[in-house]
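Each chain is listed here by its residues.
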Amino acid sequence: MASETRDPDVCEQCQSIRPATPPPDSCCGSGCAVCVYDIHDQEIQLWKKTCKRKHGAEESQIEDNGTVMDLMDYRYYTLQSIIPVCANTAVYRFMLPPGRKLDLSIAKHIILRGIHNGKVITRQYTPISSPHDAGFFEVLIKLYLSGDMSQYIKQWKIGDGVEWRGPFGAFTYQPNEGHYMIAIAAGTGITPIIQVMRHIVENEEDETVFRLLYTCRNYDEILLRETLNELALYWNITIIFNLTQSLAGSHSTEYGEIIQYGRFTQERLSKEVAASMGRPVRALVCGTRSFENDMITFLKESGVPANSIEKF
Ligand SMILES: Cc1cc2nc3c(=O)[nH]c(=O)nc-3n(C[C@H](O)[C@H](O)[C@H](O)COP(=O)(O)OP(=O)(O)OC[C@H]3O[C@@H](n4cnc5c(N)ncnc54)[C@H](O)[C@@H]3O)c2cc1C
């Protein structure tokens, strides 16, 4: 790195993530309202701020009153712990002021902002902690080898300040609407679904029947299995763990777990929909884009109206 690009206010560790200066010919010279150099200046300010807050040089912006997370402005949250759950996936816990709750309504996600290769990046994540948990919130994140945000997250250390804003999401839910709910999730797509299931079981009056089809490659990759098994103890919740790359008998199981194998097909989803016995189906789908598209096609072919299918 050239010495003129080093900033004396920025620590040694953060010097390496300095936003790259645009090359001299990147400004078109026609006086654009927002020039590439304006954007670069903003990125540099953010880089300096991130360094200060990361190392605790600036106070947390969370006020004593009001919400602990803001919709418009990013605020810093201190990373308290990282608990690995399986290869490349961990639960990241962030501190909130004592007694304060994130208080998200059902199936909402929040936005993480980071810097990778000198570029500001943002991605959505869905907290998995209960809205009633006080003093912290948790997100379950899977890291990808070639993922930009994944590379940023990989550098996190306990005590780092991390920027979040939110909540977002249009999902709404009313208890006892008479629906037969079918949720189809793959991998980390389980995160919003867990929120919906928790919401249903926390209301003793809610008699909504909920069936989760959760697909993973193998038994060890089932995320939050203990939490899901606890939810499956409720009379109105059924969970099918579906393994695409394992055979029956090739893995351990816990008492009561229902495990199926292979890919979800049109035929399998038609049977699931038929099990609703005429009750109106409300379907929730969450996974990769191609998984979601396939499941939506199967559900529609099985007779579920498009306006009863939601993806997160
Ligand atoms: C509403 C919403 C909520 C979300 N909640 C969560 C959550 O709770 N936990 C969580 O881990 N993620 C969640 N995601 C996904 C998350 O926002 C990022 O897309 C993900 O972390 C990858 O970001 P990245 O920058 O590391 O990868 P990117 O730079 O965006 O992608 C680069 C490469 O990584 C790989 N990759 C990225 N995503 C996937 C994937 N889903 N499956 C397979 N390969 C992939 C691909 O090879 C891709 O080409 C959510 C997404 C949305 C839209």
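Analysis parameters
- Residues numbered from 1 in each chain as written.
- Predicted model: local features only at pLDDT ≥ 70, side-chain atom pairs only at ≥ 80, totals over all residues.
- Heavy atoms only, no water.
- UniProt positions renumbered as here; feature names shortened; annotations may be inferred.
- Buried < 20%, exposed > 50% of the residue type's maximum accessible area, 1.4 Å probe, protein only.
- Helix = DSSP H or I, 4+ residues; strand = E, 2+ residues; numbered from the N terminus.
- Pairing = 2+ DSSP bridges.
- 1 Å grid on protein atoms, 1.4 Å probe; cavity = no way out; pocket = protein on both sides within 12 Å on 5 of 7 lines; lining within 4 Å.
- Contact = heavy atoms within 4.5 Å.
- Points joined across faces, edges and corners; volume = space filled by probe spheres on them.
- Nonpolar A, V, L, I, M, F, W, Y, C, P; charged D, E, K, R; others polar.
- Domains from an automatic or database assignment.
- Near = heavy atom within 4 Å.
- Polar contact = N/O pair within 3.5 Å; in protein donor to acceptor, adjacent residues only side chain to side chain.
- Areas by Shrake-Rupley, 256 points an atom, 1.4 Å probe, with all protein chains shown as cover.
- Sits in = over half its atoms within 2 Å of the grid points.
- Core = buried A, V, L, I, M, F, W, Y, C linked by side-chain atoms within 4.5 Å.

- Within an unreviewed UniProt entry, the label attached to the protein reads NADH-cytochrome b5 reductase, and the organism entered is Strongylocentrotus purpuratus.
- Under the heading Cofactor (unreviewed entry), UniProt records this for the protein: "FAD".
- The protein has a UniProt comment under Catalytic activity (unreviewed entry) that states "2 Fe(III)-[cytochrome b5] + NADH = 2 Fe(II)-[cytochrome b5] + NAD(+) + H(+)".

**Thoughts on the pairing of strand β5 (residues 136-142)**
Part 1 of the argument: Counting buried residues along β5, six of its seven residues qualify, which places the element largely inside the surrounding structure.
Part 2 of the argument: Direction of pairing for strand β2 (residues 89-95) relative to β5: antiparallel, over a ladder of seven bridges. Paired with Met-95 across the bridge in β5 is Phe-136.

**Some remarks on the UniProt feature "binding site: FAD" (unreviewed entry) in the protein**
Part 1 of the argument: Feature annotation in UniProt assigns "binding site: FAD" (unreviewed entry) to the following positions: Arg-123, Tyr-125, Leu-140, Lys-142, Met-149, Ser-150 and Thr-191. Of the residues named above, Arg-123, Tyr-125, Leu-140, Lys-142, Met-149, Ser-150 and Thr-191 line the largest pocket.
Part 2 of the argument: Here Leu-140 lies in strand β5.
Part 3 of the argument: Other than its neighbours up to four places away in sequence, Leu-140 contacts Val-85, Thr-89, Ala-90, Val-91, Ile-128, Thr-188, Thr-191, Leu-223 and Leu-224.
Part 4 of the argument: Within the element layout of this structure, Ser-150 appears in helix α3 (residues 148-154).

**Considering the layout of surface pockets**
The method is simple in principle: a probe with the dimensions of a water molecule rolls over the atoms, and the space it marks as empty is what remains.
Part 1 of the argument: Each pocket or cavity is described by its volume, and for the largest pocket that value is around 1600 Å³.
Part 2 of the argument: The wall of the largest pocket is formed by 49 residues, among which Ala-186, Thr-188, Gly-189, Gly-287 and Thr-288 lie closest to the centre.
Part 3 of the argument: At the level of elements, β4 (119-125), β5, α3, α4 (190-202), β8 (209-216), α7 (289-301) and β12 (309-311) are the ones that each hand at least two residues to the lining of the largest pocket.
Part 4 of the argument: When residues in the lining of the largest pocket are grouped by element, the largest group, seven residues, is from α7.
Part 5 of the argument: Taken together, the residues of the lining of the largest pocket break down into 19 nonpolar, 19 polar and 11 charged.
Part 6 of the argument: Shared between two domains, the lining of the largest pocket takes at least three residues from each, and those domains are domain 1 (9-22 + 32-57 + 68-168) and domain 2 (180-311).
Part 7 of the argument: Around the second largest pocket, the lining comprises 18 residues; the ones closest to its centre are Val-85, Val-91, Leu-224, Arg-225 and Thr-227.
Part 8 of the argument: Among the residues making up the lining of the second largest pocket, the classes are represented as nine nonpolar, three polar and six charged.
Part 9 of the argument: Composition of the lining of the second largest pocket by domain shows at least three residues from each of domain 1 (9-22 + 32-57 + 68-168) and domain 2 (180-311).

**Digging into the site of the ligand**
Part 1 of the argument: Neighbouring the ligand are 17 residues, the closest being Arg-123, Gln-124, Tyr-125, Met-149 and Ser-150.
Part 2 of the argument: Contacts to the ligand include Arg-123, whose side-chain N or O atom sits 2.8 Å from an oxygen atom.
Part 3 of the argument: One of the backbone nitrogen or oxygen atoms of Thr-126 is found 3.0 Å away from an oxygen atom of the ligand.
Part 4 of the argument: With the chains in place, 66% of the 930 Å² that the ligand exposes on its own is no longer accessible.
Part 5 of the argument: Most atoms of the ligand, that is more than half of them, are within 2 Å of grid points of the largest pocket.

**Quick word on the nonpolar core**
Part 1 of the argument: With 34 residues, the main nonpolar core has Ile-190, Phe-210, Leu-212, Tyr-214 and Leu-228 as its most contacted residues.
Part 2 of the argument: Looking at this core element by element, the count peaks at seven residues for α4.
Part 3 of the argument: The residue makeup of this core includes at least three contributed by each of domain 1 (9-22 + 32-57 + 68-168) and domain 2 (180-311).
Part 4 of the argument: Each residue touching Leu-228, except ones within four places of it in the same chain, is listed here: Ile-190, Ile-194, Met-197, Leu-212, Tyr-214, Leu-223, Ile-239 and Phe-241.

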